[in-house]
Amino acid sequence: MIPEIGHFALILALCVSIIQGVLPLIGAQQGRREWLVLARPATQISFLLLAISFGVLAWCFYVNDFSVLYVAEHSNSQLPTVYRLGAVWGGHEGSLLLWIFLLTGWAFAVAQLSKTLDEFMVARVLGVLGLVATGLLLFVLGTSNPFERLIPAAQDGRSLNPLLQDPGLVFHPPMLYMGYVGFSVAFAFAIASLLSGRLDAAWARWSRPWTTTAWIFLTLGIALGSWWAYYELGWGGWWFWDPVENASFMPWLIGTALIHSLVVTEKRGGFKNWTVLLAIMAFSMSLLGTFLVRSGVLTSVHAFATDPRRGIFILLLLSLVVGSSLFLYALRAPKSTLGGKFSLLSRETLILLGNVFFVVAAGSVLLGTLYPLLIDALNLGKISVGPPYFNAVFVPIMVPVLFLMAVGPWASWKTTDLKTLLKRLWLAAVVAFVAAIIIPSLIGEFTILTALGFLLAFWVIASGVLQIIRQCKVGMPTRSFIGMQLGHMGIAVFVIGVTMVGAYQEEKDVRMAPGDTVTVGGYQIRLMGVGPAQGPNYQAMRGTFELMRNGKVQELMYPEKRNYDSSTMPMTEAAIDAGLTRDIYVSLGEPLEGNAWAVRVYYKPFVDWIWGGCLLMALGGLFAVLDKRYRLRVKK
Amino acid sequence: MLNKFLSSLLLTLFISIVYADEATPLATDPVLEQRLISISEEMRCLVCQNESLSGSRSELAQDLRREIRDLIRQGKTDAEIRTFMVDRYGDFILYRPPVKPTTWLLWIGPFVLMIAGITALLMYLRRRNSQVSSIALSDDENKRIDALLRDDK
Amino acid sequence: MKAKFIIPLLLFVVLVGFLAVGLSRDPREVPSPLINKPAPAFKVPQLADPNKSFSPEDLKGQVWVLNVWASWCVACREEHPMLVELGKSQVAPLIGLDYKDKRADAMEMLARQGNPYNLSAMDNDGRVGINYGVYGVPETYVIDKAGIIRFKQIGPITKDVLDKSIYPIIAQLNKA
């Protein structure tokens, strides 16, 4: 009975979304006020219905209702409660429901926080969001209904893939989807302005906080995914350029270009067409990512179970949404006016140049990800495009971006002269070069790549510090300013992490019997013993290791080899001792003869700076969103 | 006799506990293993859902790593080992796509995009400035705008 | 409307075209680079009598079919009836290559399910499989009179594959 409520709520939501999508848009076009005003209430009802539907599904998991097929496929009575809830989005149908739930949530937020916005604009924005929701609801109800029944009900469920039984599952998809879905708001604002024929700075001002918020979530979502892969998969890597990872990274790259472009459009009225195109592209990338992950078109560790019918449907949806947007763009964009004038060397140009690099980066990632498909479709054979390609291509594109990051904030709007820039930046350049030469030489091996990493990171940091000093002399920095500094510093911190780990990590694959020690990165790790352990739904062999430095025991580490009741493949649960300047990573391999075990240990210097940098970026975004002028606006 | 035996046994035991070994590397030849890792890292595990040959625990991956070890011992170069794999499994097994006519677009693409992007940008800026200068503002208007911009940081 | 504004739409249409074609492809299938190349040489013990050996040389001058199978392979059981049919048709010798298997298990399976092969050879360590580009059993090769591989079937042989690909190729190669 209860699952049917969830199903029914979805059907109702579809009807409401159609109303929300169609009537306000026509109303705005024809000036019919009665239809315009339907937008907000429709959005609110839509959200309520999705909340009910999602809540019902969560309830089914909580009470172990195995008469629901989706629950039976992804959960199990032995599964700890928190993972039963995470399992709601552990598979295709449920994660799609989460997607739509968050979409209506964002629309609801826009409806509530747009009281001062022109009602024609509101109607159009909510209308577009309604149309997107309609498409997705049709998809869910047509091909991916999470409430489908299993008759007769299963005795117990198949359970969740052990890899997913981890806190990472609880946070990573929701964060990621908040980001993906959040770009739909910028998209809706862009379409709304194209429809109204009024492309002005006000639209950019409205879009900015929404876009930045979505960007914050996407940054956190990607960082979480990377961190989760690092500690869960047991091989210490943090990014594999897997198609699904790329599917989340491309919207991020476009999104970063977008938030910078919006700054210019808001302040100087420039780049309107370009910003609108970026907004369309960012959400298109989100939809494309959704397609790639669920259609079976690419091989990936992340891919959901696929069904060609679903692939066709999403492709149709993608074509309609993006195709019609780009068509509208082709029609309306030429009509927009230009903004203020600016010279070849100005903040505007530097931001625009940065945009070019971000878009080229996104384009390259897209090219690499889809190239195997392209070649296969043309019957030219089968190739693989993996990390060696992406690393070779992506790093050179990002180098100029890092360079610009330190220069842009010093450039004035409209025009800036080269002499002034050089005067501001020479000290940062010196610091950067010194760091690039000294640090690698001190730590160990000096390579060009390592030096380059430190050069760029310290270039950005030094420039940022100088900016902060200068600003503080003039007055209290705005939150916007702090946000920018944190964002840029975040990237520098990230680059330091990547450079250190890439250049100086150590790995040892050894045979250890109780009492044996292995030395790595200046630490000694001694095996005390390996014994059995029991979890709620698994049996394990747990090793006890002493982590020592200079003969003193610092920490005990407990890596495990788990055998889940629901799976035949043993799972490695690595033990990590995390620290500000290094991680020590111990992983149990196979048991060997003579009471010994195969053990793999890693010393990973500064690896946590990778995700620390992402956190800083997200924090920067938060400061930017909380800037006072947005507060004032709401109060009025 | 027995006492001597027992005491030497105890002594050996004692020594082996106190002077517990530095763990021996799993691989019989760590240098070879390093080379194996760097070669197999750039190859695909054909039976996995996108994992490298170096990390995969599948049987085929283990067999292929064993082959690569043999080839290394036989003194083959990295290029020869790659050719060995490609002869049997095609270009699909390489994560670094070989540069051939079908992949020119792939390898040149980003570079071309970059040049195209920067060129388009320069052209746009030139054109824009000539267009905008025809909508010149008065000095007074300019001053007002600058003032507004300063406040509105 | 100005021409340049329609470029994004055009690029997108091209992209969708490729994605649509991609939906009909299997991204994990590894086509064989050995088609139209000589079948790699090997010499391994026979399953029935390990004192005897088998080598592709033995069948030079004939068109023959090599089927890679194993007792632990579930999909092999699916294609077994097709192999029986192929064996009965007598259009070409059917040689089995027992891949990474235990002799006892393999013999037992053939005894239980029937033996469609003229003979089976054992590839215990998988080396022959690697030389033939085997990555998942079952896989089947059609080899011509000169010892060149002319066709490879990845995955179980279905009635369709048998009728539309294997029989025609064998017939064609036999005429030559």
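Residues numbered from 1 in each chain as written. Chains lettered and ligands numbered in written order. Predicted model: local features only at pLDDT ≥ 70, side-chain atom pairs only at ≥ 80, totals over all residues.

Once that is clear, we can look at the overall build of chain A. The number of helices and strands found in chain A is 19 helices and 10 strands. Radius of gyration (C-alpha) of chain A: 26 Å, near the 26 Å computed for a compact globule of 636 residues. Residues counted as buried form 56% of the 636 residues belonging to chain A. Nonlocal contacts in chain A, meaning residues at least 24 apart in sequence, comprise 74% of its contacts between residues at least 6 apart. (Helix = DSSP H or I, 4+ residues; strand = E, 2+ residues; numbered from the N terminus. Rg over C-alpha atoms; globule rule 2.2 N^0.38 Å. Buried ≥ 20, exposed ≤ 12 C-beta atoms within 10 Å, placed from the backbone. Contact = placed C-beta atoms within 7 Å.)

Our next topic: the interface of chain A and chain B. Tallying the contact residues gives 47 residues for chain A and 40 residues for chain B. Those elements that place two or more of their residues in the side of chain A that touches chain B are helix H13 (347–377), helix H14 (387–407), strand E1 (506–512) and strand E2 (517–520) of chain A. With 12 residues, H13(A) is the largest single contributor of residues to the side of chain A that touches chain B. For the side of chain A that touches chain B, a count of residues per class yields 26 nonpolar, 13 polar and eight charged. The sheet contact formed by E1(A) and strand E1 (residues 24–25) of chain B spans two bridges and is antiparallel. In the sheet register, Arg511(A) faces E1(B), and the bridge partner there is Thr24(B). (Nonpolar A, V, L, I, M, F, W, Y, C, P; charged D, E, K, R; others polar. Pairing = 2+ DSSP bridges.)

Attention now moves to the packing of helix H10 (residues 243–268) of chain A against H13(A). For any two helices packed against each other, one specifies the crossing angle of their axes together with the interaxial distance. All names here are of chain A. Two elements in contact, H10 and H13, have axes separated by 9 Å at closest approach and are oriented at 165°. By the angle between their directions, the pair H10 and H13 is classed as roughly antiparallel. By crossing handedness, the relation of H10 to H13 is classed as left-handed. Grouping the amino acids of the contact of H10 with H13 by side-chain chemistry returns 15 nonpolar, seven polar and two charged. (Axes fitted to C-alpha atoms, helices over the stretch in contact; angles between N-to-C directions. Parallel < 35°, antiparallel > 145°, perpendicular 65-115°, else oblique. Left-handed = near helix turned anticlockwise from the far one by under 90°.)

Turning our attention to the pairing of strand E6 (residues 139–143) of chain C. Walk down a regular strand and you will see the side chains alternate between the two sheet faces. Residues and elements named next belong to chain C. Across the five residues of E6, five count as buried, placing the element largely inside the fold. Residues Glu139, Tyr141 and Ile143 line one face of E6 and the alternating positions Thr140 and Val142 line the opposite face, and both faces are buried. As judged from the five bridges shared by strand E3 (residues 64–69) and E6, these two strands associate in the antiparallel manner. Opposite Val65, over in E6, you have Val142 as the bridge partner. Looking at chain direction, E6 and strand E7 (residues 149–154) are connected through five bridges and run antiparallel. Its bridge partner lying in E7, Thr140 is registered against Gln153.

So, on to the nonpolar core. Of all hydrophobic cores here, the largest spans 264 residues; its most connected members are Ile100(A), Leu103(A), Ala186(A) and Ile254(A). Ranked by residue count, the leading element in this core is helix H8 (residues 167–196) of chain A, at 17 residues. In this structure, Ala186(A) is in contact with Ser207(A), Trp210(A), Thr211(A), Ala214(A), Leu258(A), Ala279(A), Ala282(A) and Phe283(A), ignoring residues within four places of it in sequence. The next biggest cluster of nonpolar side chains, apart from the first, holds 20 residues, and it includes Leu527(A), Val530(A), Leu588(A) and Ala23(B). (Core = buried A, V, L, I, M, F, W, Y, C linked by C-beta atoms within 7 Å.)

The next subject is helix H17 (residues 479–504) of chain A. With 26 residues, H17(A) should cover 38 Å at 1.5 Å per step; its first-to-last C-alpha distance of 37 Å lies within 8% of that length. Burial runs high along H17(A): 19 of the 26 residues are buried. (Expected span 1.5 Å × (residues − 1).)

Nothing here speaks to function; it is geometry throughout.
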